[in-house]
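# Coordinates in review
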2 protein chains.
Amino acid sequence: MIDSKKFLLQESDIPEAWYNVVVDMPVKPRPILNPQTKEAMKAEDLYPIFAEELANQEMNTTDRWIEIPDEVREMYRIWRPTPLVRARGLEKMLDTPAHIYFKNESVSPVGSHKLNSAIPQAYYNKKQGVTNITTETGAGQWGAALSMAAKHFGLELAVYMVKVSYHQKPYRRSIMQTYGAQVIASPSMSTRAGRRILTDTPNYQGSLGTAISEAIELAQSTPNCKYTLGSVFNHVSLHQTVIGLEAEKQMEMAGEYPDVVIGCFGGGSNFAGISFPFLRHNFLDGRNTRFIAAEPASCPKLTKGVFQYDFGDEAGYTPMIPMLTLGHNFSPANIHAGGLRYHGAGHIVSQMKQDGFIEAVDIPQLETFKAATMFAQSEGIIPAPESSHAIATAIREALKAKEEGVQKTILFNLSGHGLIDMAAYDSYISGDLANYEVSDEDVARNVASLEKII
Amino acid sequence: MIDSKKFLLQESDIPEAWYNVVVDMPVKPRPILNPQTKEAMKAEDLYPIFAEELANQEMNTTDRWIEIPDEVREMYRIWRPTPLVRARGLEKMLDTPAHIYFKNESVSPVGSHKLNSAIPQAYYNKKQGVTNITTETGAGQWGAALSMAAKHFGLELAVYMVKVSYHQKPYRRSIMQTYGAQVIASPSMSTRAGRRILTDTPNYQGSLGTAISEAIELAQSTPNCKYTLGSVFNHVSLHQTVIGLEAEKQMEMAGEYPDVVIGCFGGGSNFAGISFPFLRHNFLDGRNTRFIAAEPASCPKLTKGVFQYDFGDEAGYTPMIPMLTLGHNFSPANIHAGGLRYHGAGHIVSQMKQDGFIEAVDIPQLETFKAATMFAQSEGIIPAPESSHAIATAIREALKAKEEGVQKTILFNLSGHGLIDMAAYDSYISGDLANYEVSDEDVARNVASLEKII
């Protein structure tokens, strides 16, 4: 029995500023470094890659609140504020004393939270007079969102889409093309980085790391062109805090406060979005909320990765980032949660994980689809394979609450719907899906091979 | 530039009653007939096929308002009220003086308006103690909606899905299966009606008419089982009037009243939903709004069909319905708007068309995809191929307004999004799509072949 209860805000409740968590972190993240000089980078050092305003946001450690431009809030109004939902159907199905809430970011026109950052990124590039932008995309959620935003602001966009997803999820490609973007399967022959990999490994199915290398290379070799990305970096997490800021107000409407906040984890943007605004109350107001990042067992950087400086991309074009990493050359298994197939975690989340402010779990693929099906049948919404990692974790927590006989308030972010991912469900229904695990030894071996490079 | 303006209602604005247009029709529709006796059927005569309450609604010609049960309104709250949107981005792209509004029914969890009727149909069946229901589906939007509703109310559901769509849109099948429904490609070997067609024409790709025959036959040969359908009949149109009733309030918020109301047209349910509440002001309050049903050029029952008694299904299991029809054995081309591939129009809409209260246009497939792409790029939403017929018609009207230099207020129903129909967009982008036309001679020949049967 679906029995969800929505908590709705007004358009006037759309946040007027993003929350910059760095200001409130007790232990600041280590600086990102110039790979040549090994010196800490300043905002200006990022201007060749990113729009200036985005580079400034990336390096901003002093302003707790960063104003959201009117042009961006105007666009947010297309689908924001998003609903907060009490998942009573799922609670009943699990027969748990826990109260389960989810923030429904799937209601955006492209079906995911990615628009929250795509819009400001396109906006700041346009404002600066940039005419062309590039990006990478895994499953295609980021690419779809940026395609819509780029069209709106009149920017030309080229998207490098991880090859396995390009073939596994052709319809996300069509969505980007319908919005007017160029989509290239990565690795491709259009960049040095791509050609090198294709020469070494002709059948390589790609990774986000490789696609980032290609997108950066194209941006740097195209006039008036900047690179954009959908996760990992601080400015992306910043934009996503609209999720948690709205959820804060909505939990208040519901008369509860979360004991546990959960987000799925690829590079960290939706996890940051739902978590950081609540984290600030742990930092500032003595709250003891737990924060759980849910990653795939096949790509376990938070649970099994090594904390060290690494590149954000495969070819080593990015700055060196202090991150929990599986190694920038890590090639994850072809799971359907393509958006989570990334080798590292952003430097803020990595630091917080090291300092014990957040937890992480890794979930096998089959458990995520079982959770997704339970959610579809009890809440009526078919979730994205990525978001299903958060659902599986919420179910684990709710069943633990039942076992322990304690009431507990769980909040997770439903980062997107799965209506464009039905091929994955089809495989699950047919019994064709497998679990993929990565051992500590695999990680150690891969990272060791890397230390020679850096 | 996307520049949409939303008009939002509160949950308390969800209508408390459906609007029964028959009460206000100046010319009542002719009765539906028992095919054996040729006598007018009463509600009780439909009890063997439909849940009693639905049969009563079907035949109700006296109550203008029919109360929506609390259990149904509770479910409507999952996504209703839906937004009304002023499509200023599209207006600018067309450089038209017209004001274009659309009711966004794509925001439901299954992505279309079909849930509006799936929920009450499942509810009334459950209330009566029915345990199993059957239905047909074309593109799968109705099947997906009913699968979700059936799971909620604990009913077993079998869906006959038109074979061409079963293969063209495998992911809608997966959606139904994820919600727990049985899905069978139609024609199938599981019914006499299916076997007969497969024997005659082994490669027959199916039609809604055939799928209806199979669903009715299965319902009648299964204990405690009833048939349900997603369009054509009055009780379905009735449930869809929540669309227009909400839109009425929202147009008032916008300070305008529509000069033209447009819906795409398959069997008539979403067209009825957006139109009937506004039509009542033509009937009762002297308004002169135009109502345009937009059908595919490949299945033009309203523009080229013959008005006569015909069956609603291919095998002739339904009552005889006074309808504008291409003949119940009509086999439409394999266009991507699978939900519009139906041979006839419901008897209410057919009567109104005969009496001049509504207009109809038929749109070639390529024009619908061109309109869809313009809409995606100017409003940010990728529309369903079905809904794109309404968009194409709205664009025609807006360009006419520009040509004539008149301001005009246009309202259309965006019945669903196209995120599960990207294969169709893929074909369009690749230049693989064609137009299909049906001539008056084709129709005359087909209907003539039929008169011997009836």
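Above this text is the structure in question.
Structural notes, computed from the coordinates.

Residues and elements named next belong to chain A. Spatially, the 4 strands line up as an open sheet ordered E8-E7-E6-E9, and their pairing is parallel. Strands at the two margins of the open sheet, each flanked by one partner only, are strand E8 (182-186) and strand E9 (225-227). Averaged over neighbouring strand pairs, the angle between their axes works out to 20° when direction is ignored. Direction of pairing for strand E6 (residues 132-137) relative to strand E7 (residues 156-162): parallel, over a ladder of 6 bridges. The residue bridging Thr134 from the neighbouring strand is Ala158, located in E7.

Our focus in this paragraph is helix H6 (residues 141-153) of chain B. Residues and elements named next belong to chain B. Here H6 is 13 residues long and its end C-alpha atoms lie 19 Å apart, about the 18 Å a rise of 1.5 Å per residue gives. Taken across its 13 residues, H6 has 12 buried, putting it largely inside the fold. Along H6, the positions that sit buried rather than exposed are Gln141, Trp142, Gly143, Ala144, Ala145, Leu146, Ser147, Met148, Ala149, Ala150, His152 and Phe153. As for H6, its buried residues are in contact with helix H3 (70-76), helix H5 (115-127), strand E6 (132-137), strand E7 (156-162) and helix H8 (170-178). Just past H6, the residue Gly154 takes up positive phi, approximately 70°.

Now for the nonpolar core. Counting residues in hydrophobic clusters, the biggest one holds 108 residues, and the most contacted among them are Trp18(A), Tyr76(A), Ile119(A), Trp18(B), Tyr76(B) and Ile119(B). If sequence neighbours within four positions are ignored, Ile119(B) has contacts with Val72(B), Met75(B), Tyr76(B), Trp79(B), Ala149(B) and Phe153(B). Among the nonpolar cores identified, the runner-up in size contains 33 residues, and Phe7(A), Leu324(A), Ala345(A) and Ile358(A) belong to it.

Our next topic: the packing of aromatic side chains. Residue and element names in this part refer to chain A. Evaluated as defined, the whole model comprises 31 aromatic pairs over all chains. Relative to Phe233, the ring of Phe50 has its centre 5.5 Å away and its plane inclined at 70°; by these criteria the two rings are edge-to-face. Taken as a pair, Phe50 in the loop between helix H1 (43-46) and helix H2 (52-59) and Phe233 in the loop between E9 and helix H11 (234-254) lie far apart in primary sequence, 183 residues in all. Of the aromatic side chains, those joined through ring pairs into one cluster are Phe50, Tyr227 and Phe233. Positioned above the aromatic ring of Tyr257 is the side chain of Arg287, whose terminal nitrogen or guanidinium carbon lies 3.7 Å from the ring centre.

Basis of the calculations
Along each chain, the written sequence defines residue order, and numbers are assigned to residues from 1. Chains carry letters and ligands carry numbers; both start at the beginning, A for chains and 1 for ligands, and go up in the order they are written. Side-chain atom pairs in this predicted model are given and counted only at pLDDT of 80 or more, local residue features only at pLDDT of at least 70, and totals for whole chains, interfaces and linings cover all residues. No hydrogens and no water enter the side-chain calculation; it runs on all heavy atoms of the structure. Pairing between strands is defined by DSSP: at least two bridges between them are needed. Counting from the N terminus, the helices are DSSP H or I runs at least four residues long and the strands are E runs at least two residues long. Only C-alpha atoms enter the line fits that serve as axes; for helices the fit covers just the stretch in contact. Angles between N-to-C directions range over 0 to 180 degrees. Helix span, as expected, comes to 1.5 Å for every residue beyond the first. A 1.4 Å probe rolled over the protein chains alone gives each residue an accessible area, and that area as a share of the maximum for its type sets the label: buried under 20%, exposed over 50%, partly exposed in between. Working rule for contacts: check all heavy atoms of both residues, and any pair within 4.5 Å makes them a contact. To form a nonpolar core, buried Ala, Val, Leu, Ile, Met, Phe, Trp, Tyr and Cys residues must be joined to one another through side-chain atoms within 4.5 Å. Stacked, edge-to-face and tilted labels apply to pairs of Phe, Tyr and Trp rings (six-membered ring for Trp) whose centres lie within 6.5 Å, assigned for plane angles under 30 degrees, over 60, and everything in between, in that order. To sit over a ring, a charge needs its Lys NZ or Arg CZ within 6 Å of the ring centre and within 35 degrees of the ring normal.

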